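Each chain is listed here by its residues.
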Number of protein chains: 2
Amino acid sequence: MRCQRCGKVAQINLRIYNLKLCNDCFLEFFSRRVRLTIERFKMANLNDKILVAVSGGKDSLSLWLLLHELGYSVRGLHINLGIENFSEKAQEKVEKFSQKFSLELKIVNVKDIFGKGIEELARIAHRVPCRVCGMLKRYIMNQEAKEFNCIATGHTLDDEASSLLGNILYWREGYLARQFPVLEEEESLKKKIKPFCFTSEEEIVVYAHLKNIDFFKERCPLSKGATSFVYKEVFNLLEKRMPAIKLSFYKEFLRKKFFKDKKEVNLNPCKICGYLTVDSICNFCKLKEKVKNLN
Amino acid sequence: MRCQRCGKVAQINLRIYNLKLCNDCFLEFFSRRVRLTIERFKMANLNDKILVAVSGGKDSLSLWLLLHELGYSVRGLHINLGIENFSEKAQEKVEKFSQKFSLELKIVNVKDIFGKGIEELARIAHRVPCRVCGMLKRYIMNQEAKEFNCIATGHTLDDEASSLLGNILYWREGYLARQFPVLEEEESLKKKIKPFCFTSEEEIVVYAHLKNIDFFKERCPLSKGATSFVYKEVFNLLEKRMPAIKLSFYKEFLRKKFFKDKKEVNLNPCKICGYLTVDSICNFCKLKEKVKNLN
């Protein structure tokens, strides 16, 4: 097997592109794609400060390291969700990673804010844990990003294609109108970027392996049955017959902008904290209030 | 297990709706849905003459019988495609069915027109067989439908949802703009209707069983690897986790009409036969010409 770029011995065979590469050419290919994605969508300039949301999984740790390698000034933000037998292990991986690569890290603990972890908070909010988790993470990220130009998340091509498929299957117009690799800053909401939106998890696994990234491999015990897993299964099935369908499906969606005119919800500042929300009080403040009333 | 309509013993459990029914209530449920679909989309009036395209499979034979039961004046049209070890058996099933239920049938044989079957014609046309087959069937149906008000095909909810998914995955705007259960008459193109568009194959299997329909079960040997099978597999996977997603996906698509303004191709009458086509000469006449030049 020969590298299709330089002709040396290839160690890597990317099924998604049917592309054989040696380690060096893969690393160049990988970082080039992310660099071009950042440029194409005007995600960031080289003097920007980027807050990287890091869970401890392969995607976010790889993104954190790569943005650093590309020359951006980055800080990692890890949110400890207080999930028993899970969150402490995730945090440990993140801390070790930040030490190993000398990357600046901030840790926010949900229990420090609410006195409770996600599982209990979800019960109090009468919501599924994934929803409360997403809401808290968005809120905390925005709070922590005040001195930064943008927030980067490790959403991959697989994530974006899956969530696009889910939004299409239910024709969720609002989400379809908003699904884009960059969300511009809007009052209390910091600019958000997804530099891995054209990068598949298959590639990230290789990158993490080549960089010796010791990432956290466990699935969140509260996310069991999340529909996103089904959509990923669907794409695995489709990719076997139609290689690179994931990438073309997502790319063409972005290019054709079918849903851009679909009505979005109007957001107003929360009366308590000023965070943009659909109601008069945001879900974060509502949850805080509920927890306070319990005590 | 009790019938959720009448309380008698239920023989049928429709997974797609999680609905338990006795045989009588199922038959009423089944025919009512098709009747309402015909009315909702103004597919046909009771005094209309309908040409039903029948392959010999469960969908088309069931449709033929049901339209007859609903009071429409129907004739079956079977096109023998000249596929060795396949087409003769399909034709036999159709003929036996038409005799058993005393339904009028016309058979057109592709070999009578071209002197060759689909497989050879596909080679001559340098096209995959499914494409030539579809083109020929559309052409012959239109030719045979001159005295009829419309052509009915047995496309099911599974077919429509699958083809919608395929068109979405590749963002085929023209097809998305045209995908509708009724295509109105346009010069040489007869009105086309799909009365089973909201009826799942699961239901049709039950109907065919209750009506003792002896249908043709073999898959066309030339359609191996057709992507439509992959999309159906995808929906089987999705339905397990999200019951009735197939129906809601397709229904919402029809209701929201996102793609209705997308440009369609312009059609002109074929210079030889007058059939509407994108070129100056239609594919049917081109193929006829090619076959003539071979001899």
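From a predicted model like this one, the values you see are computed outputs, not experimental measurements.

Chemist: Help me understand helix H3 (residues 87–100) of chain B, please; the structure alone is not making it clear to me.
Modeler: Residue pairs spaced three or four apart in an α-helix point in one direction, given the helix's 3.6 residues per turn. Residues and elements named next belong to chain B. Between its terminal C-alpha atoms H3 stretches 20 Å, which fits the 20 Å expected from 14 residues at 1.5 Å a residue. Inspection of H3 places Ser87, Ala90, Gln91, Val94, Phe97 and Ser98 among the buried residues, and these make up the whole buried set. Burial along H3 is one-sided: seen end-on, the buried residues are contained in an arc of 125 degrees. Away from its buried face by more than 90 degrees, H3 exposes Glu88, Lys96, Gln99 and Lys100. Taken from the residues just after H3, Ser102 is the one with a positive phi, measuring 50 degrees.

Chemist: I tried to follow the side chain of B:Glu160 on my own but got confused; where do I start?
Modeler: Mapped onto the elements of the fold, B:Glu160 is located in helix H7 (residues 157–169). Among all residues touching B:Glu160, those that are not within four sequence positions of it are B:His155, B:Gln179, B:Lys194, B:Cys197 and B:Tyr250.

Chemist: Even after reading the chapter, I still don't get unusual backbone geometry, so can you show me in this structure?
Modeler: Apart from glycine, the bulk of residues carry a negative phi angle, and the bulk of peptide bonds sit in the trans form. Residues and elements named next belong to chain B. Phi at Asn18 takes a positive value of approximately 50 degrees, unusual for a residue other than glycine. Here Asn18 lies in the loop between strand E1 (12–14) and strand E2 (19–21). Take Asn18: its relative accessible area is 52%, and that puts it in the exposed class.

Chemist: Explain a nonpolar patch on the surface here, please?
Modeler: Residues and elements named next belong to chain B. Residues Val265, Leu267 and Val278 make up a contiguous nonpolar surface patch of roughly 250 Å² in combined accessible area. Among the structural elements, Val265 can be located in the loop between helix H11 (245–256) and strand E9 (268–269). Accessibility expressed as a relative area gives 59% for Val265, which makes it exposed.

Chemist: Help me understand the relation of the copies chain B and chain A in this model?
Modeler: The operation relating the two chain copies consists of a rotation about an axis and a shift along that axis. Turning chain B through 180 degrees and shifting it by 0.0 Å along the axis lays it on chain A, with an RMSD of 0.0 Å. Given the turn and translation reported, the copies of this chain are related as if by a two-fold rotation axis. Judged by C-alpha distance, B:Val234 is the residue of chain B that lies nearest the rotation axis, at 3.0 Å. Mapped onto chain A, 100% of the interface residues of chain B are again interface residues, and the two copies thus contact each other with one and the same surface.

Chemist: Is there a simple way to think about the pairing of strand E4 (residues 73–80) of chain A in this case?
Modeler: In regular strands, side chains alternate between the two faces of the sheet. Residue and element names in this part refer to chain A. Within E4, seven of the eight residues are buried, leaving the element largely enclosed by the surrounding structure. Pairing analysis gives five bridges linking strand E3 (residues 49–53) to E4, with the strands arranged parallel. What sits directly across from Lys49, in E4, is Ser73. Each parallel crossover has a hand, and the one from E3 via helix H2 (residues 58–69) to E4 is right-handed. Here E4 pairs with strand E5 (residues 105–109) via five bridges, running parallel. The residue of E5 that forms the bridge with Leu77 is Lys106. In this region the chain leaves E4, passes through helix H3 (residues 87–100) and returns to the parallel neighbour E5; the handedness of that crossover is right-handed.

Chemist: Looking at this model, I keep getting lost on the confidence of the model for chain A. Mind explaining?
Modeler: The predicted structure's coordinates, where accompanied by low pLDDT, should not be read in detail. Per-residue pLDDT for chain A has a mean of 94; in total, 99% of the residues score no lower than 70. Predicted complex, confidence summary: ipTM 0.87, pTM 0.91.

Definitions and limits used
- Residues numbered from 1 in each chain as written.
- Chains lettered and ligands numbered in written order.
- Predicted model: local features only at pLDDT ≥ 70, side-chain atom pairs only at ≥ 80, totals over all residues.
- Heavy atoms only, no water.
- Helix = DSSP H or I, 4+ residues; strand = E, 2+ residues; numbered from the N terminus.
- Expected span 1.5 Å × (residues − 1).
- Buried < 20%, exposed > 50% of the residue type's maximum accessible area, 1.4 Å probe, protein only.
- Arc of directions from axis to C-beta.
- Contact = heavy atoms within 4.5 Å.
- Patch = residues over 30% accessible without salt bridge, like charges linked within 9 Å, V, L, I, M, F, W, Y side chains within 5 Å.
- Areas by Shrake-Rupley, 256 points an atom, 1.4 Å probe, with all protein chains shown as cover.
- Salt bridge = Lys/Arg side-chain N within 4 Å of Asp/Glu carboxyl O.
- Least-squares fit on C-alpha atoms with pLDDT ≥ 70 in both.
- Pairing = 2+ DSSP bridges.
- Right-handed = clockwise from strand over helix to strand, strands pointing away.
- pLDDT = per-residue confidence, 0-100.

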